[in-house]
Amino acid sequence: MDKIGSYEFMAEPFHCDVSQRLFMGHLGNHMLNAADFHSSARGFGMKYLMTMNRSWVLSRLAIEMDEMPQMYTKFNVETWVESAMRYFTSRNFRVVGEDGRVYGYGRSIWAMIDTESRQPTDIFAIDNGAINDWIVKDKDCPIDKGGRVKMSENAEFVRTIDTQYNDVDINGHINSVKYIEHVLDLWPLDWYKAHSIRRFEIAYVAEAHAGDQLSFYREQTGDHEYCVRICKDGDIEACRSKIIFKPDY
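Small disclaimer: the values here were computed from a predicted structure and weren't measured.

Applying the stated criterion across every chain, the model contains 16 salt bridges. For R198, the salt bridge is made with D66, and the minimal N-O distance between the two is 2.5 Å. Taken together, the residues span a long stretch of sequence, with R198 in strand β7 (residues 195-204) and D66 in the loop between β2 (54-65) and β3 (74-84) at a distance of 132 residues.

Here is the structure:
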C-alpha cells in the first residue's frame, strides 16, 4: 500500500457558496475525512482506536488555497504523515483536480487522547509504533506551517453564540469544522462577494462542549489579515484563528 493516500471528492452544489465555489468548511471536512480514510486503511484509524478508548483530535490546521474548486468539479485530496512524535503527529494535504491542477495545500497537527481521561496518550504505543512505517519525508508541502496566532488585548468583541447538537462530533466536543464555519460567519455575505480566502489557520486550545457559550473576538493584524479568538463561558480560551483574504477585484 502506498504511503500517500488519494481520495476523490466533488464540490457538490449545496456545499458551495454564492460564488459557486466550495465552502472552506466543507474543504476542511474533506481533509479530515481523507485523514481518517488514510489512517484506517493503514491500521491506526478512529474505529480501531475506539476499541481501546483512544481517539485522534485535531490540534492545528492550516489551509492555503490558490483557488477553491468550482461547483460540480471533481478533485482529489492527497494526504500523508510527515512526522510523528510521542504525543503529536503532523499530516499534510494536497488538493488536486482531475486535470492535475493544484488548488492548494493543508498542514495539520494531531494528538491522540485517552477518551476517558481526555489526556494525550503515547502514539507509539499503538501497534508497536506502526505509524512510523507510513511517514513520508520527501513529499513537498510548500506552505507555511504556521505558528501561534498572536493577538492583542484590543481585539473587538463581535458576538456570543450558543452551542447545540449539530456542533458536537463523535469525540463529544465541538466539531473542529464547526469552529471554522462560526469564524467565517463573522463577515457578512457581501464581504465574500468581493473577497476569497487565501489562507485559513486555526489552533485548538481547550475543548468546548454542547451548552457552552462561545464568544468571538476579532482583530485586524495586517492588510486583509484578521485574527479571531474564541472563548468559552466568558474567558476560557478555546481556540485562535488567522484568516488572510484575497480581494477579488
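There is more to say, and it comes next.
Take the pairing of β2 next. For β2, a buried count of 10 out of 12 residues is recorded, marking the element as mostly surrounded by other parts of the structure. Pairing analysis gives 11 bridges linking β2 to strand β5 (residues 102-114), with the strands arranged antiparallel. Counted as the bridge partner of R54 is D114 from β5. Judged from the five bridges that link them, β2 and β7 form a sheet pairing that is antiparallel. Directly across from I63, in β7, lies its bridge partner F200.

The next subject is helix α1 (residues 24-41). Taking 1.5 Å as the rise per residue, α1 with 18 residues should run 26 Å; its terminal C-alpha atoms sit 26 Å apart, in good agreement. Regarding α1, the residues found buried are M24, G25, L27, G28, H30, M31, L32, A34, A35, H38 and S39. Phi for G43, located one or two positions after α1, is positive at around 95°.

Conventions and cut-offs
Residues numbered from 1 in each chain as written. Predicted model: local features only at pLDDT ≥ 70, side-chain atom pairs only at ≥ 80, totals over all residues. Heavy atoms only, no water. Salt bridge = Lys/Arg side-chain N within 4 Å of Asp/Glu carboxyl O. Helix = DSSP H or I, 4+ residues; strand = E, 2+ residues; numbered from the N terminus. Buried < 20%, exposed > 50% of the residue type's maximum accessible area, 1.4 Å probe, protein only. Pairing = 2+ DSSP bridges. Expected span 1.5 Å × (residues − 1).

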